[in-house]
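Summary of the model geometry
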Amino acid sequence: RRRIILCNFNKIDKIDPMTMHTWMNIMSSISGSYLWLLGVSQPSNHNDSYNHTEYSTLLSNNIRSIAKYYGISSSRIVFLDRINKHDHINRQSQADIFLDTFIYGAHSTATDALKGGLPLITLQGDAFSSRVGTSLYNSIQSKKHNNHSNE
């Protein structure tokens, strides 16, 4: 059986409840699917009271807990390290589908995904920040995966 790799390399704080609900429903319907997410990076301007490891662990555990709530094994949620741009573009060729976030969608991240050869599934919203993925995808004349509903 072939694994299906879904991915999103946006900052993790773009993942809102509706996005997570939709992604978990997609994963539930695709047996053998995995979700690759970009791990939390340490900010360059953090103060001494900030504990990056603790924060990163908390966020990843929360996402894995949500997956478990939907009946999805936490092993199917994979957090990847940040790597240089060239390797990042190449890494995307190992995934199958880029899932965009909804309220504040992918911008440069969607461009990277398309450059890496990934199909982009996005949800067109009303605000500029939620229409960028659609605009990028339309610019390469590939309208078949743009949706106007999360159904």
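Below you will find a few notes about this structure. The structure presented is a predicted model; accordingly, all values stated were derived computationally and were not measured.

Turning next to the overall build of the protein. Of the regular secondary structure elements, the protein holds five helices and six strands. N-terminal to C-terminal, the α/β element order of the protein is β-α-β-α-β-α-β-α-β-α-β. Within the protein, the fraction of its 151 residues that count as buried is 41%. Sequence separation of 24 or more characterises 67% of the internal contacts of the protein that already satisfy a separation of 6 or more.

Time to look at the environment of Leu118. Mapped onto the elements of the fold, Leu118 is located in the loop between helix H4 (108-115) and strand S5 (120-123). In this structure Leu118 comes out as buried when scored by relative accessible area, which is 4%. With 29 residues separating them along the chain, Leu118 and Ile89 place their C-alpha atoms 9.9 Å apart. In this structure, Leu118 is in contact with Cys7, Gln92, Ala95, Asp96, Ile97, Phe98 and Ala113, ignoring residues within four places of it in sequence.

Core analysis: the largest hydrophobic core is formed by 16 residues, its most contacted members being Met24, Leu35, Leu37, Ile63 and Ile77. Among the secondary structure elements, those contributing two or more residues to this core are strand S1 (4-8), helix H1 (17-29), strand S2 (33-38), helix H2 (52-69) and strand S3 (77-80). Every residue in contact with Leu35, bar those within four places of it in the chain, is listed here: Leu6, Cys7, Trp23, Met24, Met27, Arg76, Ile77, Val78 and Leu99. Core analysis: the next-biggest nonpolar cluster, separate from the first, contains 12 residues, Trp36, Leu38, Ala110 and Leu118 among them.

Conventions we followed
Going along each chain's sequence as written, the residues are numbered from 1 onward. Per-residue local features are limited, in this predicted model, to residues with pLDDT of at least 70; the limit for side-chain atom pairs, both in listing and counting, is 80 or more; totals at the level of whole chains, interfaces and linings are taken over all residues. Side-chain measures were taken over the full set of non-hydrogen atoms in the model, leaving aside hydrogen atoms and water. To qualify as a helix, a DSSP run of H or I must reach at least 4 residues; to qualify as a strand, a run of E must reach at least 2; elements of each kind are numbered from the N terminus. The rule is simple: take the accessible area with a 1.4 Å probe, protein chains only, and divide by the maximum for that residue type; under 20% is buried, over 50% is exposed, in between is partly exposed. Contacts are assigned to residue pairs that have any heavy atoms within 4.5 Å of one another. In these notes, a set of buried Ala, Val, Leu, Ile, Met, Phe, Trp, Tyr and Cys residues joined through side-chain atoms within 4.5 Å is what counts as a nonpolar core.

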